[in-house]
Amino acid sequence: MNYLLSFLIGAILGSTPTAYLLLKKSKKIDVTKAGSGNVGAMNSYEVTNSKLIGLIVFAIDALKGLLSVWLAEILFGHKFEFMMIALIGAVLGHCYSFWINFKGGRGLATAAGGALIISIPVLGIWVALWLVAYLFRRHIHFANFTATLLTGLLSFTSGDILNKYASPSAVDTMNFSILVSLMLLIILSKHIIPIKEYFSGLAKSKKGD
């Protein structure tokens, strides 16, 4: 039952469509129909041309992940499984919010917020991989996809080390690897379309050459 409650705590908090509500209220813009249609910080910035709005959306989305993990810890103890399941619920709710017909953001800010409590090393690895990928291609979605995919792979190949430095650690390495990679798979699912568009654009440019 505690596993289900942890998930529901995260899902309810995560599903709150921050960007949708903020842009509707402040700019009379339906962010699900503007720009990329993504309900997150980047699209909020792009459709409003406001760095402040982009930062506010990012901060609140990150707070949703952090609060989900924190509440699970308060209610069910300092246990990785409960805290991580709450974060998975928050990321899933954010990416596929039932309040706005299962549309949502890409989950990165929400995941980062929860990772600040559970595993700063995993977050640091993701950021480092993102920087390398971005410098290689100079494309945000390519960097997002690459860093997320590689971090998921590392959660298995180096799970014993990463689990050791998680706070708290999972009961065993396999639990750690499965739960971390499950969260990252949700994030990857929201990057399939933009990464396809990216490689399609590359293919067209090569044909043009």
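Here is what the cut-offs are and how they apply
- Residues numbered from 1 in each chain as written.
- Predicted model: local features only at pLDDT ≥ 70, side-chain atom pairs only at ≥ 80, totals over all residues.
- Heavy atoms only, no water.
- Helix = DSSP H or I, 4+ residues; strand = E, 2+ residues; numbered from the N terminus.
- Contact = heavy atoms within 4.5 Å.
- 1 Å grid on protein atoms, 1.4 Å probe; cavity = no way out; pocket = protein on both sides within 12 Å on 5 of 7 lines; lining within 4 Å.
- Points joined across faces, edges and corners; volume = space filled by probe spheres on them.
- Axes fitted to C-alpha atoms, helices over the stretch in contact; angles between N-to-C directions.
- Parallel < 35°, antiparallel > 145°, perpendicular 65-115°, else oblique.
- Left-handed = near helix turned anticlockwise from the far one by under 90°.
- Salt bridge = Lys/Arg side-chain N within 4 Å of Asp/Glu carboxyl O.
- Buried < 20%, exposed > 50% of the residue type's maximum accessible area, 1.4 Å probe, protein only.
- Patch = residues over 30% accessible without salt bridge, like charges linked within 9 Å, V, L, I, M, F, W, Y side chains within 5 Å.
- Areas by Shrake-Rupley, 256 points an atom, 1.4 Å probe, with all protein chains shown as cover.
- Lys, Arg positive; Asp, Glu negative; His and termini not counted.
- Charge placed at Lys NZ, Arg CZ, Asp CG, Glu CD.
- Core = buried A, V, L, I, M, F, W, Y, C linked by side-chain atoms within 4.5 Å.
- Expected span 1.5 Å × (residues − 1).
- Phe/Tyr/Trp six-rings, centres within 6.5 Å; stacked < 30°, edge-to-face > 60°.
- Lys NZ or Arg CZ within 6 Å of the ring centre and 35° of its normal.

Engineer: Run through the side chain of His 141, naming residues and quoting values.
Structural biologist: Here His 141 is to be found in helix α8 (residues 140-157). If we ignore the near neighbours within four places in the chain, the residues touching His 141 are Met 42, Arg 106, His 191, Pro 194 and Ile 195.

Engineer: Summarise the layout of surface pockets; cite the residues concerned and give the values.
Structural biologist: Quantified by volume, the largest pocket comes out at close to 850 Å³. Phe 58, Leu 108, Ala 109, Trp 126 and Asn 144 are the residues nearest the centre of the largest pocket, which is lined by 42 residues in total. Of all the elements in the fold, those that place two or more residues in the lining of the largest pocket are α3 (41-48), α4 (51-76), α5 (80-95), α6 (108-118), α7 (120-137), α8 and α10 (173-189). The element that contributes the greatest number of residues to the lining of the largest pocket is α6, accounting for six residues.

Engineer: Could you give an account of the packing of α4 against α6, naming the residues involved and the relevant values?
Structural biologist: Taken N-terminus to C-terminus, the directions of α4 and α6 make an angle of 40 degrees; their axes are 6 Å apart at the nearest point. One way to sum up the angle between α4 and α6 is to call them oblique. Considering the relative orientation of α4 and α6, their crossing is right-handed. Contacts between α4 and α6 involve Phe 58, Asp 61, Ala 62, Lys 64, Gly 65, Leu 66, Val 69, Trp 70 and Glu 73 from the first element and Ala 109, Thr 110, Gly 113, Gly 114, Leu 116, Ile 117 and Ile 118 from the second.

Engineer: Could you give an account of the pattern of salt bridges, with specific residues and numbers?
Structural biologist: Pairing between side chains of opposite charge can happen when their charged atoms approach one another. Summed over all chains, the structure comprises one salt bridge. In this structure, Lys 64 engages Asp 61 in a salt bridge whose closest nitrogen and oxygen atoms are separated by 3.4 Å. Here Lys 64 pairs with Asp 61, and both are found in helix α4, just three residues apart, close to one helical turn. On the accessibility criterion, Lys 64 (7% relative accessible area) is buried. A relative accessible area of 2% places Asp 61 in the buried class.

Engineer: Break down a positive patch on the surface for me, with residues and values.
Structural biologist: A surface patch of positive charge is lined by Lys 24, Lys 25, Lys 28, Lys 33 and Lys 103. Its place among the elements puts Lys 24 in helix α2 (residues 18-27). Residue Lys 24 is classed as partly exposed on the basis of its relative accessible area of 37%.

Engineer: Please give an account of the environment of Leu 13 that cites residues and values.
Structural biologist: The topology assignment puts Leu 13 in helix α1 (residues 2-14). Placed 126 residues apart in sequence, Leu 13 and His 139 show a C-alpha to C-alpha distance of 30 Å.

Engineer: For the nonpolar core, give the residues involved together with the corresponding values.
Structural biologist: Within the largest apolar cluster, 22 residues are counted, with the highest numbers of intra-cluster contacts made by Phe 80, Met 84, Leu 87, Val 91, Ile 118, Phe 176 and Met 183. Within the residue set of this core, elements represented by two or more residues are α5, α6 and α10. Once you skip the residues sitting within four places of it in the chain, Val 91 turns out to touch Gly 107, Thr 110, Ala 111, Met 183, Ile 186 and Ile 187.

Engineer: I'd like a description of α4, backed by residues and values.
Structural biologist: Because an α-helix packs 3.6 residues into every turn, residues spaced three or four apart end up facing the same way. With 26 residues, α4 should cover 38 Å at 1.5 Å per step; its first-to-last C-alpha distance of 38 Å lies within 8% of that length. The complete set of buried residues in α4 reads Ile 53, Gly 54, Val 57, Asp 61, Ala 62, Lys 64, Gly 65, Ser 68, Val 69, Ala 72 and Phe 76. After α4 finishes, the residue Gly 77 shows a positive phi value of roughly 95 degrees.

Engineer: Lay out the packing of aromatic side chains with the relevant residues and their values.
Structural biologist: Scanning the entire structure with this criterion turns up nine aromatic pairs. Seen from their ring centres, Phe 142 and Phe 199 are 6.4 Å apart, and the 75 degrees between their planes marks the pair as edge-to-face. Here Phe 142, found in helix α8, pairs with Phe 199, found in helix α11 (residues 192-208); they are 57 residues apart in sequence, far enough to count as distant. Residue Phe 142 is classed as buried on the basis of its relative accessible area, which comes to 11%. The partly exposed category is assigned to Phe 199, whose relative accessible area is 42%. An aromatic cluster is present here, built from Phe 136, Phe 142, Tyr 198 and Phe 199 joined pairwise through their rings. Across from the ring centre of Phe 142, 5.9 Å away, lies the NZ or CZ of Arg 137, which sits over that ring.

Bear in mind that shape data such as this cannot, by itself, settle questions of function.
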